[in-house]
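Analysis of the macromolecular model
Here's the letter readout for the chains.
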Amino acid sequence: MQEKNVSFNNFEQCIKCTICTAYCPVVAVNPSYPGPKQAGPDGERLRIKDKFFFDENLKYCMNCKRCEVACPSGVKIADLIQSARRRFGRDIPDLRDRILANTDFMGKVARPVAPLVNAVVASKPVKSVLDVMMDIDKNRTFPAYQRKGFVRWFKREAASLQESFPKKVAFFHGCSTEYQHPEVGQAFVKVMNALGFGVSLINEKCCGVAMIANGLWNQARRHAEHNVKVFSKVVAEGMPVVAVSSTCAFTMRDEYPDVLDVDNSAVRDSITLVEKFLFELVDSGAVKLVFKEDYRARIAYHVPCHNEKLGWGIFTKALVGMIPGVSLTVLDSNCCGMAGTYGFKKENYAYSQEIGRPLFEQIKSLSPDFVCCECETCKWQIEMSTGYTVLNPIVILAEALDLEATAAANSAD
């Protein structure tokens, strides 16, 4: 833990240009939030003198990292804010925050009675109770749980096939793939296998991003330490750790060391996103993609904020753009407003919707067949607020590829 009079960050590189404030989506809609410059480098100068200067309104930061993308001096502004929350925050996470943060635990609880849970939380009376008793906004639509998760499908349908592939990847599937969107993991396995790669599941824990957002710092740190230890083993075996969620990839690469003080230097460069991994294979000529001749789609691509911070949206754009029958529009750079669990909370809901409004309006004006996005919580926000389906890029690729022909083309090599 950092001493109160020490800052890990390069906050003195701030040139006070306030570009970060201009790019912050929260400042524009919430007057209670002091903004990234004041909450970040300016506030740090005071906090390292006395924790009295910590402002609890830092909780309104979405940790979207748009301030860091905009900063011309490379100051880790959002990391300053989250680390200040960790060191000096006095708010104790309540039941709501703990429920929202523990995505893996809640998935396990809901799974046996998934249809019932989905029906109950979708009902107006229950939404009203959650609104009054737990401050989960009654207008929020919950993602549906699935009774049959990805891991169960993998063990029954795919596990026995993976040893036949000489090359392998370690798959970090994440909570949403396991409990809400197993089709994403299924698509990942099918595409990897068609390209000649076996898939190895690892003893993963939730990446911890929701715990960071809700102030469960010690629990997030334990998850991070566990994952780094597990990753070290598979990386030592020559396998990259490949994720399908941009937020999971970003959290494990950058939040572990910068916010949770967990050293991941031995594995960081081996943690990647599937779109980057695939593009590099295709670009190098290591694999071939064979697409269906009759696949057609008008797709709008929303680059999630954390993928903008990684700078990896270019790989998704290139991959999806390779599909002959696709008309692809990259949407303007806007935050959807969801920010993981942020948009579930009653005190944030109106801000969340207003932040996402320009994005929603652009999607509606384009009227695409569907939206492409690597982040599951962006998916939930966009689907609820626009009515348009949102698909993970790997699902799009699995549908657009002729998997048998792709497998044949890659086995021939």
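One numbering rule holds for all chains: residues counted from 1, following each sequence as written. Where local features are concerned, this predicted model is filtered to residues with pLDDT of at least 70; where side-chain atom pairs are given and counted, the filter is 80 or more; whole-chain, interface and lining totals use all residues. Values reported for side chains reflect all heavy atoms of the structure, with hydrogen atoms and water molecules removed beforehand.

Digging into the packing of helix 15 (residues 274-284) against helix 20 (residues 393-400)
- To define axes, lines are fitted to C-alpha atoms, for helices over the stretch in contact only, and angles between the resulting N-to-C directions are given on a 0 to 180 degree scale. Helix and strand labels come from DSSP, where a helix needs a run of H or I of at least four residues and a strand needs a run of E of at least two; each type is numbered from the N terminus. The interhelical angle for the contact between helix 15 and helix 20, taken along N-to-C directions, is 45°, at an axis separation of 10 Å. Of the possible angle classes, the one that applies to helix 15 and helix 20 is oblique. On helix 20, the residues touching V274, E275 and L278 of helix 15 are P393, I394 and L397.
- Classification convention: Asp, Glu, Lys, Arg as charged; Ala, Val, Leu, Ile, Met, Phe, Trp, Tyr, Cys, Pro as nonpolar; all other residues, Gly among them, as polar. By residue class, the composition of the contact of helix 15 with helix 20 is five nonpolar, no polar and one charged. The scheme is simple: roughly parallel for angles under 35 degrees, roughly antiparallel for over 145, roughly perpendicular for 65 to 115, oblique for anything else. We call two residues in contact whenever any of their non-hydrogen atoms come within 4.5 Å of each other.

With respect to the packing of aromatic side chains
- For this analysis, a ring pair means two rings from Phe, Tyr or Trp (six-membered ring only for Trp) whose centres lie within 6.5 Å, classed as stacked if their planes differ by under 30 degrees, edge-to-face if by over 60, and tilted for the remaining angles. Taken as a whole and judged by the stated rule, the model has 12 aromatic pairs.
- Between F52 and F53, the aromatic rings sit 5.6 Å apart at their centres with planes inclined by 75°, giving edge-to-face as the arrangement.
- Judged by its relative accessible area of 64%, F52 falls in the exposed class.
- Between the aromatic rings of F54 and F88, the centroid separation amounts to 6.4 Å while the plane-to-plane angle is 55°, which identifies the pairing as tilted. Of this pair, F54 sits in the loop between helix 2 (36-47) and helix 3 (66-70) while F88 sits in helix 4 (residues 77-88), and the two are 34 residues apart along the sequence. By the burial criterion, F54 is buried, and F88 matches it.
- Site record: aromatic cluster; members linked through ring pairs are F150, W153, F154, F171 and F188.
- Any Lys NZ or Arg CZ that is within 6 Å of a ring centre and within 35 degrees of that ring's normal is treated as a charge sitting over the ring. Against the face of F344 rests R140, its NZ or CZ located 5.6 Å from the ring centre. Buried means the residue's accessible area, taken with a 1.4 Å probe over protein chains only, is under 20% of the maximum for its type, while exposed means over 50%, and partly exposed covers the values in between.

With respect to the sheet that holds strand 5 (residues 297-301)
- The four strands lie next to each other as 6-5-7-8, forming an open sheet whose pairing is parallel. Strands with a single pairing partner mark the edges of an open sheet, and in this sheet they are strand 6 (326-330) and strand 8 (390-391).
- One bridge is not enough; two strands pair if DSSP finds at least two bridges between them. Pairing of strand 5 with strand 7 (residues 370-372), which is carried by three bridges, proceeds in the parallel orientation. Bridge pairing links I299 to F370 in strand 7.
- Taken strand by strand, helix 17 (residues 313-321) contacts strand 5, strand 6 and strand 7, and its axis lies near 160° from that of strand 6.

What to know about helix 9 (residues 150-158)
- Among the residues making up helix 9, those that are buried are F150, W153, F154 and A158. Buried positions in helix 9, seen along its axis, are confined to an arc of 100° and lie on one side of it. Facing away from the buried surface of helix 9 by more than 90 degrees, the exposed residues are K155 and R156. The arc in question is traced by the directions running from the helix axis to the C-beta atoms.

Here we look at the pattern of salt bridges
- Between Lys or Arg on one side and Asp or Glu on the other, a salt bridge is scored when a side-chain nitrogen of the former is within 4 Å of a carboxyl oxygen of the latter. Scanning the entire structure with this criterion turns up 30 salt bridges.
- Notably, a salt bridge pairs R357 with E354, separated by 3.0 Å at the nearest N-O pair. Of this pair, R357 and E354 both sit in helix 18 (residues 346-366), three residues apart, which is roughly one turn of that helix.
- Residue class for R357 comes out partly exposed when judged on its relative accessible area of 37%.
- Within this structure, E12, K16, K37, D42 and R45 form a network of salt bridges that share partners.

A look at the sheet that holds strand 3 (residues 241-243)
- Read across the sheet, four strands follow the order 2-1-3-4 without closing on themselves; strand pairing throughout is parallel. Where the open sheet ends on each side, the last strands, each with one partner, are strand 2 (197-201) and strand 4 (271-273). On average, each strand axis in the sheet is tilted by 40° relative to the strand beside it, whichever way the strands run.
- Pairing of strand 1 (residues 167-172) with strand 2, which is carried by five bridges, proceeds in the parallel orientation.

Examining unusual backbone geometry
- Look at K16: it is not a glycine, yet its phi comes out positive at around 60°.
- Note that K16 resides in the segment before helix 1 (19-23).
- Its relative accessible area of 45% is what places K16 among the partly exposed residues.
- Of note, the phi angle at A339 is positive, near 50°, even though the residue is not glycine.
- The class for A339 is partly exposed, based on a relative accessible area of 28%.

Let's talk about the nonpolar core
- Nonpolar cores were defined as sets of buried Ala, Val, Leu, Ile, Met, Phe, Trp, Tyr and Cys residues, with membership established by side-chain atoms within 4.5 Å. The biggest cluster of nonpolar side chains holds 74 residues, and the ones touching the most others in it are F172, F188, M192, L260, L278, I323 and I394.
- Here the element with the most residues in this core is helix 13 (residues 217-236); it accounts for seven residues.
- Ignoring any residue separated from it by four or fewer positions in sequence, one finds L278 in contact with V191, M192, L195, L319, I394 and L397.
- By size, the runner-up hydrophobic cluster in this structure holds 27 residues, among which are C24, I48, C61 and A84.

Things to note about a nonpolar patch on the surface
- Together, L46, F52 and F53 give the surface a local cluster of nonpolar side chains, amounting to about 330 Å² of exposed area.
- Here F52 shows up in the loop between helix 2 and helix 3. The patch calculation keeps residues exceeding 30% relative accessible area without a salt bridge and links them within 9 Å when they carry like charges or within 5 Å when they are nonpolar (Val, Leu, Ile, Met, Phe, Trp, Tyr). Residue burial considers only the protein chains on display, and all accessible areas are found by Shrake-Rupley using a 1.4 Å probe.

Examining the confidence of the model for the protein chain
- Of all residues in the protein chain, 98% attain a pLDDT of 70 or more, and the chain-wide mean is 94.
- The low-confidence segment residues 1-6 (pLDDT under 50) makes 12 contacts with residues lying over four places distant or belonging to another chain. The predictor attaches a confidence to each residue, called pLDDT, with possible values from 0 through 100.

Some words on the state of the cysteines
- To count as a disulfide, a pair of cysteine sulfur atoms needs to be within 2.5 Å. What the rule picks out here adds up to zero disulfides.
- Among the cysteines around C64, which has no disulfide bond, C305 carries the closest sulfur, lying 4.8 Å off.
- With no disulfide of its own, C335 lies closest to C305 among cysteine sulfurs, the gap being 3.7 Å.
- Assessed through its relative accessible area of 6%, C335 is described here as buried.

A short note on helix 11 (residues 182-194)
- Expected span, for any helix, means 1.5 Å times one less than how many residues it has. When the terminal C-alpha atoms of helix 11 are compared, their 19 Å separation across 13 residues agrees well with the 18 Å that a helix rising 1.5 Å per residue should span.
- Extensive coverage of helix 11 is indicated by the burial of 10 of its 13 residues.
- Among the residues making up helix 11, those that are buried are P182, V184, G185, A187, F188, V189, V191, M192, N193 and A194.
- In the stretch just after helix 11, G196 is the one whose phi turns positive, near 95°.

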